[in-house]
Amino acid sequence: MHPHATRRRARPRRLLATLLALAAAACLGLAPGGPSPDAAPAPAARADTGTGTGPGAGPGHTVSYDRYSLLIDGERTLLQGAEFHYFRLPSPDTWRDVLEKYKAAGFNTVSLYFHWGYHSPKRGVYDFTGVRDVDRLLDVVEDVGLYAVVRPGPYINAETSGGGLPAWLKNVEGRARSSDAGYTAAYREWLTEINRIIVPHQLTRGGPVVLYNVENEYAQNTDAQYMQDLQDLAHAQGVDVPITHNQCCQASWTPTWAEGLGAVDIPGLDDYPQSFECQDADTVWGPWSDGITRRLKDDAPVYAAEYQGGAIDLNNAGYEACRQLTGPAYMKYFYKSNLIKSGATLFSYYMGFGGTNWGYLAQPNDVYTSYDYGAMITEDRQLTGKYDEFKLQSHFLRAASGHLTETDAAAPAEVPAPDNPALETASRVNPRTGARFTLLRHADPPATTDDSAVLDYGDGRRLPVRVDGRDAKVLLSDYPFGGQRLALSSSELMTHTRTGGRDVALLYGRAGEAGRTVLEYGSRPKAEVLAGDADVSYARGRGELTLDYVHEGLTRVRITGGGRPPLLLLLGTDATAAEFWQSADGVLVRGTDLLRDARVRGRTARLRADTGEPGRVEVFTDARRMTVNGAPVRARRTASGSLTAFLPGPRPVRLPELSEPARWRQAAGAPEVAPRFDDSGWKDADSTLHADDHGFHHGSLWYRGRFTATGDETELKLNAITGRRGIYQVWADGRYLGSAQGGVQADSDPPVNEDPGPGTFTLPDAAPGEEVVVSVLVQNMGHNDDWIADDTRFKQPRGLVRAELPGSGADISWKIQGARGGEDLADRKRGPLNTGGLYGERHGWHLPRPPASGDWRRAGPDVAAGTVSWYRTSFRPGLPRGQDTALALRFGEPPAGHRLLMYLNGWNVGQYGAGVGPQRDFTLPAGLLRADGRNTLALAVVAEDDSVVRLPSLVVKGNHRTG
Ligand code: IPT
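Residues numbered from 1 in each chain as written. Predicted model: local features only at pLDDT ≥ 70, side-chain atom pairs only at ≥ 80, totals over all residues. Heavy atoms only, no water.

> Would you explain the packing of helix H2 (residues 92-104) against helix H4 (residues 134-144) in this entry?
The packing of two helices is summarised by the inter-axis angle and the distance between the axes. Across the interface, H2 lies against H4 with an axial gap of 10 Å and an inter-helix angle of 35°. The way H2 lies across H4 gives a crossing that is right-handed. Contact residues: H2 offers Pro92, Asp93, Trp95, Arg96, Leu99, Glu100 and Lys103, while H4 offers Arg136, Leu137, Val140, Val141, Asp143 and Val144. Its residues assigned to classes, the contact of H2 with H4 comprises seven nonpolar, no polar and six charged. (Axes fitted to C-alpha atoms, helices over the stretch in contact; angles between N-to-C directions. Helix = DSSP H or I, 4+ residues; strand = E, 2+ residues; numbered from the N terminus. Left-handed = near helix turned anticlockwise from the far one by under 90°. Contact = heavy atoms within 4.5 Å. Nonpolar A, V, L, I, M, F, W, Y, C, P; charged D, E, K, R; others polar.)

Spelled out as structure tokens, the structure:
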């Protein structure tokens, strides 16, 4: 064991909570040190009684580890969670919603990237307020009762602009992600700022942070001194939880940072077995890997740092296809394999909720506005079938964590063997409790056949099993829980709980498949089938009670006597088991669309829950009364010893119709094309055309060039780098010359920045001596990432990179304009990534307040080639109170002739158009949207060709009654 953590004094504001927690623990007669081995070690929410071992329970915790698991205050702890990007949810109020959904899934951890560029518009300038308030984020994590793995980079990848590096870093000498002096000085700024926020939130000081990750998939062009420097700095600045790293992707890639200079405490692994080919969701099965089977370091636990929980949509298949690619069958097969084959006890899934690339957050090559990721929770914060599967698996991990946190792989002779070679098994055993976990799956991973077998446990015990198609099961044997002992089962365990002196266990299997569960008793118990069907038999010699059944609906068996406490055995299907929830307090609940929390206090069960439709809720408790979201509901007791009530659904929502042009105002938005436009305030770009050199890092760029014609000019050759999906447009003396695709990531070696070939534009005739004014609008779709740490891709310029007048001796003199203020932000609240340099953006036409400039008229649907048109309207959604209603803007089929930017109350919530991506629905993040107030919507339509603008409508993506 490596005692890495030293005890620290609590922050003062935690002291009261600590005293209360200690008092509560004393009242409940709980020994310090937390729950018993088979209780769930999920951290307690801060508002809780403080009997858990997690954040909120008090200061001065220790975090250490050994080869099996993390140890919190010396107690083995299994971490399971998912990645969350606060920067992709620009609404601190909804951070809590998403994190409560993580917690309700059964997770006890959230993994958090911190995004340098999101906080820093300019060297030396950092903003941690408003949507950037990560101190508040860590407070919310603690309140919700999750542990946090913090990942401040400095490099994070994450398909975000620059991989999280700030754009101003492009102008800093020295290779990014190395120990070069220039880069070192720059990142020390960032880490000093972010560590100052993170350090007080460590578990060692009473906060939620249990692990600190340095860098990201740092496997190519590496510099060990840099890895060491990052850790030395973290330690010097007060980081005292174990340090991790997430390695990727090939077994052959080194270093793994398990040893030598730059080695971390717990090296983790990233694994994306399904690739990102969402368009082939039907056929793809593990082309990239067979799951996590490696141990990187002998004396550290196996950490699945980023396990594929969805996918980026590389081929514009849409995120529903990505959700299918990484759906329940994949989750069962790969996640369960990881658990048993590697013995990992730390898991984080990437992503649990993806969010939105609002503004210019997207890295241009791989993603568009939506970062839904096909995750278990949609971009609109709705739960999916993947969420259900996570619930089944996470509740199991939580319930069994007392056993799972210390297991050894069973020797082949010890593994229950199937009598059908189409199936294979592997087991892990806890050396202290003897509990055994057996993975059952097809021997040939992609097999889709329906195969049955009998497992031979080697001691006379046999168990019939079945694997139908792409499936995998973790079967338990010799598993003690509560006052019970499970001998064998071909059903899988979701969870168990102890309430009112009895045990309740919930097992499940595929609908229609036979199941057998065997429990051990000292004498014959009484078994009553309360609902459904089950054959019950008792073998006196072995003391085994055997139940045979078919998984269907929910079978309920009450077992009493036999020398053990009473047991209510619930036998469900995947679908009926997924109707259950278990709160942090251990309260088991069936029904509702989301159980945020449930506690039993005295005779009252208090629920916080969301309902999407009217329906029944059942609480497995001996309480007599129930409140839901603070209000009492009429409840009655059932024969199963539970409490049930009927809950209403939400009120329906009626939305205003936005798609009528008559409700919009329109104004022309490209005065820069006019020869006489006043650009005297613009920056001179003769020394360099590269936008970043002028401090214009994000969004649209205007260039205006002047030359005195010699009479020999026939064409203008330009080259602009926009990043993938970007275009640029050209005018001469107000006349539109056309558009071209901008350059993308340069992949040649050495990288060439002038890629692709130049756009050639035919110039109108000009007499010798005549002044010609050229206007160019260049999109900057975002900055390349630096995944392979070669620096050059990331530092690739944006904007115009070349301009020539072939056959003419004339010089063009250039001016440039970008986002208002450049690095000195005009709008600090919305930050550096919100707007570029369109005229309307520079003059606030995207903001709620009425524009002070522009010729606003009644809107029409037609836009002409070579124009920028702004549309504005306002609306009141009038959403019912006490409900969480998710709204989106829905457009038609993405148009080829134009692309548009959309702003909700001044926030840039998306880019739309055939050249941008397949997206038609754009999330309006709650929090940015005023549910019962007035909202302003603005669209900036950039037309390459004459086309018709189809205005969007509002659609409901989810509607729940909620607390
Ligand atoms: C890996 C990155 O660590 C993460 O930031 C994100 O980019 C993710 O995967 C993909 O969405 S990189 C991948 C090539 C494994």
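What follows continues from the structure just given.
> Explain the state of the cysteines here, please?
Covalently bonding the sulfur atom of one cysteine to the sulfur atom of another cysteine gives a disulfide. Applying the stated criterion to the full structure yields one disulfide. Between Cys278 and Cys322 runs a disulfide, and the two sulfur atoms are separated by 2.2 Å. What sets the handedness of the Cys278 and Cys322 disulfide is the S-S torsion sign, and at about 100° it is right-handed. In this pair, Cys278 is assigned in the loop between strand S9 (266-271) and strand S10 (303-308) and Cys322 in helix H7 (residues 319-325), connecting sequence segments 44 residues apart. For the pair shown, Cys278 and Cys322 are each scored as buried. (Disulfide = S-S within 2.5 Å. Buried < 20%, exposed > 50% of the residue type's maximum accessible area, 1.4 Å probe, protein only.)

> How should the site of the ligand be read in this particular structure?
Looking at the ligand, there are 18 residues lining it, with Tyr113, Asn157, Ala158, Glu159 and Tyr373 nearest. Within the side chain of Glu159, one N or O atom sits 2.4 Å away from an oxygen atom of the ligand. Within the side chain of Glu306, a nitrogen or oxygen atom sits 2.9 Å from an oxygen atom of the ligand. Considered on its own, the ligand offers 380 Å² of accessible surface; in the complex 94% of this is hidden by protein. Residue classes in the shell around the ligand are distributed as 11 nonpolar, three polar and four charged. (Near = heavy atom within 4 Å. Polar contact = N/O pair within 3.5 Å; in protein donor to acceptor, adjacent residues only side chain to side chain. Areas by Shrake-Rupley, 256 points an atom, 1.4 Å probe, with all protein chains shown as cover.)

> I tried to follow the sheet that holds strand S12 (residues 408-409) on my own but got confused; where do I start?
Consider a sheet: its strands pair through backbone hydrogen bonds, and that pairing is either parallel or antiparallel. The sheet built from eight strands is open, its strands ordered S12-S14-S15-S18-S19-S22-S25-S24 with antiparallel pairing. Bordering the open sheet on either side are S12 and strand S24 (535-539), each of which pairs with just one other strand. In this structure, strand S22 (residues 514-520) lies alongside strand S25 (residues 544-550), joined through seven bridges in antiparallel fashion. Counted as the bridge partner of Arg516 is Asp548 from S25. Contacting strand S14 (423-429), strand S15 (436-442) and strand S18 (472-481), helix H8 (residues 328-342) runs over the sheet at an angle of about 135° to S15. Each of S15 and S18 is contacted by helix H9 (residues 385-404), which is oriented at about 55° to S18, the strand it contacts most. (Pairing = 2+ DSSP bridges.)

> Is there a simple way to think about helix H5 (residues 181-198) in this case?
Because each turn of an α-helix spans 3.6 residues, side chains separated by three or four positions end up pointing in the same direction. The terminal C-alpha atoms of H5, which comprises 18 residues, lie 25 Å apart, in line with the 26 Å expected from a rise of 1.5 Å per residue. Looking at H5, one finds that the buried residues are Tyr183, Thr184, Ala186, Tyr187, Trp190, Leu191, Ile194, Asn195, Ile197 and Ile198. For H5, the buried positions fall inside an angular range of 160° around the axis, keeping them on one side. In H5, the exposed residues that point more than 90 degrees away from the buried face are Ala181 and Arg196. Among the structural elements, helix H3 (116-119), H4, strand S6 (147-151), strand S7 (209-213) and helix H6 (224-236) are those in contact with the buried residues of H5. (Expected span 1.5 Å × (residues − 1). Arc of directions from axis to C-beta.)

> Got a minute to help me understand the side chain of Arg441 in this structure?
Along the chain, Arg441 turns up in strand S15. Within the local environment of Arg441, its side chain forms a polar contact with the side chain of Tyr333, the two groups lying 3.2 Å apart. Separated by 2.7 Å, the side chains of Arg441 and Ser337 make a polar contact. When sequence neighbours within four positions are dropped, the list of residues in contact with Arg441 reads Asp290, Tyr333, Ser337, Lys341, Ala422, Leu423, Glu424, Val467, Asp471 and Ala472.

> In this structure, what is going on with the UniProt feature "domain: Beta-galactosidase" (unreviewed entry) in the protein chain? I would like to understand it.
Listed under "domain: Beta-galactosidase" (unreviewed entry) in the UniProt record, and renumbered for this structure, are residues 403-580. Helix makes up 3% of residues 403-580 and strand 60%, with an end-to-end C-alpha separation of 22 Å. (UniProt positions renumbered as here; feature names shortened; annotations may be inferred.)

> It is not clear to me how the domain arrangement of the protein chain should be interpreted in this structure. Could you clarify?
How big an interface is tends to be stated in terms of accessible area lost as the parts join. By domain assignment, the protein chain separates into domain 1 (11-383), domain 2 (406-647), domain 3 (661-667 + 826-961) and domain 4 (668-817). Taking the mean C-alpha position of each, domain 2 and domain 3 sit 49 Å from one another. (Domains from an automatic or database assignment.)

> Looking at this model, I keep getting lost on the sheet that holds strand S46 (residues 813-817). Mind explaining?
With respect to topology, six strands assemble into an open sheet ordered S38-S46-S39-S44-S41-S42, the strand pairing being antiparallel. Taken across any chain shown, the strands that pair with only one partner, and hence form the sheet edges, are strand S38 (683-684) and strand S42 (735-741). As judged from the six bridges shared by strand S41 (residues 727-732) and S42, these two strands associate in the antiparallel manner. Within the sheet, the bridge partner assigned to Trp731 lies in S42 and is Tyr736.

> Is there a simple way to explain the confidence of the model for the protein chain in this structure?
Interpretation of this model should avoid reading the predicted coordinates in detail wherever pLDDT is low. In this model, the protein chain carries an average pLDDT of 92, and 92% of its residues clear a pLDDT of 70 or more. Note that residues 1-41 has pLDDT below 50 and, in this model, 74 contacts with residues that lie over four places away or in other chains. (pLDDT = per-residue confidence, 0-100.)

> What's the story with the pairing of strand S33 (residues 625-628) in this structure? I'm lost.
Pairing between strand S31 (residues 604-610) and S33: four bridges, direction parallel. When the bridges of S33 are listed, Ala605 appears paired with Met626. Note: S33 against strand S34 (residues 631-633), three bridges, orientation antiparallel. Residue Val628 lies in a different strand from S34, and its bridge partner there is Ala631. The turn linking S33 back onto S34 is made up of two residues, and Asn629 within it adopts a positive phi angle of 50°.

> How do you make sense of the packing of aromatic side chains when you look at a structure like this?
Aromatic rings in a pair are described by how distant their centres are and how their planes are angled relative to each other. For the structure shown, the criterion picks out 57 aromatic pairs. Where Trp116 meets Trp190, the ring centres are 6.3 Å apart and the plane angle is 10°; that geometry is what we call stacked. Taken as a pair, Trp116 in helix H3 and Trp190 in helix H5 lie far apart in primary sequence, 74 residues in all. By relative accessible area, which is 0% here, Trp190 ends up buried. (Phe/Tyr/Trp six-rings, centres within 6.5 Å; stacked < 30°, edge-to-face > 60°.)

> For this particular structure, what's the right way to read the environment of Ala422?
The topology assignment puts Ala422 in the loop between strand S13 (417-418) and S14. Look at Ala422 and you get partly exposed, because its relative accessible area is 23%. Separated by 422 residues in the primary sequence, Ala422 and Gly844 have C-alpha atoms spaced 66 Å apart.

> What is the right way to look at the environment of Arg294 in this model?
Summarising the element assignment, Arg294 is placed in the loop between S9 and S10. Note on Arg294: relative accessible area 23%, which makes it partly exposed.

> Just to check I follow, could you spell out the side chain of Gln582 for this structure?
Inspection of the secondary structure assignment puts Gln582 in strand S28 (residues 580-582). Within the structure, Gln582 has its side chain in polar contact with the side chain of Thr495 (distance 2.4 Å). At a separation of 3.3 Å, a polar atom in the side chain of Gln582 contacts the main-chain carbonyl oxygen of His496. Leave out the neighbours within four places in its chain, and Gln582 touches His395, Arg398, Thr495, His496, Thr497, Val587 and Leu588.

> For this particular structure, what's the right way to read the pattern of salt bridges?
If charged atoms from side chains of opposite charge come close, those side chains can pair. One pass over the full model with this rule turns up 58 salt bridges. Of the charged contacts in the structure, one is a salt bridge between Arg151 and Glu306, with a shortest N-O distance of 3.1 Å. Here the residue Arg151 occupies a position in strand S6, and Glu306 occupies one in strand S10, the gap between them amounting to 155 residues. For Glu306, a relative accessible area of 3% translates into the label buried. The closest approach of N and O atoms between Glu544 and Arg542, which form a salt bridge, is 3.3 Å. Through salt bridges with shared partners, one network takes in Asp97, Glu100, Lys101, Arg381, Arg596, Arg608, Asp610 and Asp884. (Salt bridge = Lys/Arg side-chain N within 4 Å of Asp/Glu carboxyl O.)

> Can you walk me through unusual backbone geometry in this structure?
For the bond running from Gly153 to Pro154, omega is 10°, close enough to zero to count as cis. With respect to the helices and strands, Pro154 occurs in the loop between S6 and H5. The step from Tyr350 to Met351 runs through a cis peptide bond, and the omega angle for that step is 0°. One can find Met351 in strand S11 (residues 346-353). One non-glycine residue, Tyr373, adopts positive backbone phi at about 70°. Relative to the helices and strands, Tyr373 resides in the loop between S11 and H9. With a relative accessible area of 1%, Tyr373 lands in the buried category.

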